[in-house]
Amino acid sequence: MMGENFPPLLELQNVSKIFTLKPFFGPEKRVEALRNVSLTLQAGRALAIVGESGSGKSTVGRAVARLFRPTSGRILFAGRDIAGLTTHADQMSYLRMVQMVFQDPFAALNPAHKIRHHLVRPLILHRGLKGDALEEATRQTLVDVELDPDVTLDKYPHELSGGQRQRVNLARALAVDSRLIVADEPTSMLDVSIRRSVLDLMRRLKLERGISFLYITHDIATAHYIAEETAVMFAGQIVEYGPSASVIRNPQHPYTQLLLSAVPDPAVRITGGRGEQGQPFSMHAETVRNSSRRPVGQPAEVASGHFVYHHLDMSPPMGDIAQHA
Ligand SMILES: Nc1ncnc2c1ncn2[C@@H]1O[C@H](COP(=O)(O)OP(=O)(O)OP(=O)(O)O)[C@@H](O)[C@H]1O
Ligand SMILES: [Mg+2]
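Residues numbered from 1 in each chain as written. Chains lettered and ligands numbered in written order. Predicted model: local features only at pLDDT ≥ 70, side-chain atom pairs only at ≥ 80, totals over all residues. Heavy atoms only, no water.

**Focus: the packing of helix 3 (residues 115-127) against helix 4 (residues 131-144)**
Move 1: In contact at an axis separation of 10 Å, helix 3 and helix 4 are set at 120° when each is read in the N-to-C sense. Relative to helix 4, the element helix 3 lies oblique. The two elements helix 3 and helix 4 meet at a crossing, and its hand is right-handed. Within the contact between the two elements, helix 3 uses Ile115, Arg116, Leu119, Val120, Leu123 and Ile124 and helix 4 uses Leu134, Glu135, Ala137, Thr138, Thr141 and Leu142.
Move 2: Grouping the constituent residues of the contact of helix 3 with helix 4 by class yields eight nonpolar, two polar and two charged. (Axes fitted to C-alpha atoms, helices over the stretch in contact; angles between N-to-C directions. Helix = DSSP H or I, 4+ residues; strand = E, 2+ residues; numbered from the N terminus. Parallel < 35°, antiparallel > 145°, perpendicular 65-115°, else oblique. Left-handed = near helix turned anticlockwise from the far one by under 90°. Contact = heavy atoms within 4.5 Å. Nonpolar A, V, L, I, M, F, W, Y, C, P; charged D, E, K, R; others polar.)

**Points about the packing of aromatic side chains**
Move 1: Scanning all chains against the criterion turns up three aromatic pairs.
Move 2: Taking 5.2 Å as the distance between ring centres and 90° as the angle between the ring planes, the aromatic pair formed by phenylalanine 77 and tyrosine 94 counts as edge-to-face. Linking phenylalanine 77 in strand 4 (residues 72-77) with tyrosine 94 in helix 2 (residues 88-97), this pair joins segments that are 17 residues apart in sequence.
Move 3: For phenylalanine 77, a relative accessible area of 6% gives the class buried.
Move 4: Tyrosine 94 sits in the buried class, given a relative accessible area of 2%.
Move 5: On the basis of an interplanar angle of 35° and a centroid distance of 4.4 Å, the ring pair of phenylalanine 234 and tyrosine 255 is categorised as tilted. Taken as a pair, phenylalanine 234 in strand 9 (residues 229-234) and tyrosine 255 in helix 10 (residues 254-261) lie far apart in primary sequence, 21 residues in all.
Move 6: Directly above the aromatic system of phenylalanine 106 lies the positively charged group of arginine 165, at a separation of 3.7 Å from the ring centroid.
Move 7: Between the NZ or CZ atom of arginine 203 and the centre of the ring of tyrosine 225, over which it lies, the distance is 4.4 Å. (Phe/Tyr/Trp six-rings, centres within 6.5 Å; stacked < 30°, edge-to-face > 60°. Buried < 20%, exposed > 50% of the residue type's maximum accessible area, 1.4 Å probe, protein only. Lys NZ or Arg CZ within 6 Å of the ring centre and 35° of its normal.)

**Some details on the site of ligand 1**
Move 1: Around ligand 1, 15 residues are found, and the nearest of them are Ser53, Gly54, Lys57, Ser58 and Thr59.
Move 2: Between serine 53 and ligand 1, the recorded distance is 2.4 Å, taken from a side-chain N or O atom to an oxygen atom.
Move 3: In this structure, serine 58 approaches ligand 1 through a side-chain N or O atom, which is 2.8 Å from an oxygen atom.
Move 4: About the coverage of ligand 1: the protein hides 66% of its 640 Å² of free accessible area.
Move 5: For the shell around ligand 1, the secondary-structure elements that each account for two or more residues are strand 1 (10-21), strand 2 (29-41) and helix 1 (57-64).
Move 6: Per-element accounting of the shell around ligand 1 gives the leading share, four residues, to helix 1.
Move 7: Partitioned by chemical class, the residues of the shell around ligand 1 number four nonpolar, seven polar and four charged. (Near = heavy atom within 4 Å. Polar contact = N/O pair within 3.5 Å; in protein donor to acceptor, adjacent residues only side chain to side chain. Areas by Shrake-Rupley, 256 points an atom, 1.4 Å probe, with all protein chains shown as cover.)

**Some points on the environment of isoleucine 49**
Move 1: Looking at the secondary structure, you find isoleucine 49 in strand 3 (residues 46-50).
Move 2: Sequence separation of isoleucine 49 and isoleucine 216 is 167 residues, and the distance between their C-alpha atoms is 4.8 Å.
Move 3: With residues near it in sequence (within four places) discarded, isoleucine 49 still touches Leu39, Lys57, Val60, Leu214, Tyr215, Ile216, Thr217, Ala231 and Met233.

Shape descriptors only; they carry no functional weight alone.
Structure follows, in structure tokens:
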């Protein structure tokens, strides 16, 4: 039951992350990987973060997985600031509740160990199981991800297909009873023909087990398949945010339109959306990208729960906006 008083499962409040690169020669370089990112994910739901390479998607995921601290801003899990998890017990419990699934299905699997080992360990460590109960739970986690335990348990990671390995990674999250899975491009290295079935599985885990997903992807067109809500990122900022169907059918930010049009040619004109003052626009792709880098201000609600961020600093003007109006 979602009551009024329940905090969201995950909340990012104005999270920024600056990476400082110190080359041997020359000046320090600062990369603003995240700029004032605010997001909310309710329990049992999925939020897609979409955007092109370098937009900051994985940095959001890694910050949530506590792989580093944000430069500023807060990340709350079930209402609690994760920066305040200082005891070992608190940190272990957080790492159990929040699991990452990576693009490379090999990344988290030890090639020297059979699948059984990968599942048994978390079941012992986190649930304290042993004997028949351990064997039963090990088999069940594989059944839950639609793998046959008789065939899978004694195989090594390299003996499975990419899709099967990704299922094992999801099984490990089930083994520790995760509440949130940060899935960073979980299907992009898989064969096109099996991507859908892995997405199907994640959707089922969400609906049947109430597991929440932060689903990171390049592919805005498939985000709605698992995620109720979609956030579009560019250059470290959220530029648009809302129910996935609304964002995809009625994209408001020029950059979202560019993503949906998926045109590689920077000279192609993007038309049909609404610009920042509500005027219809037509812009070259490169102009869209340049103007979308400017800092954003407060979001405006354009439909129920659907927000578009307007950019601050209107000068220099967006240059190439055709005045249809
Ligand atoms: N550890 C790091 N040190 C320095 N810069 C980093 C680091 N991690 C990320 N960045 C920079 O931060 C920006 C965002 O990177 P991030 O990996 O979050 O992008 P992404 O949206 O996940 O891209 P992709 O789709 O290619 O995975 C990029 O400019 C990247 O080079
Ligand atoms: Mg990434």
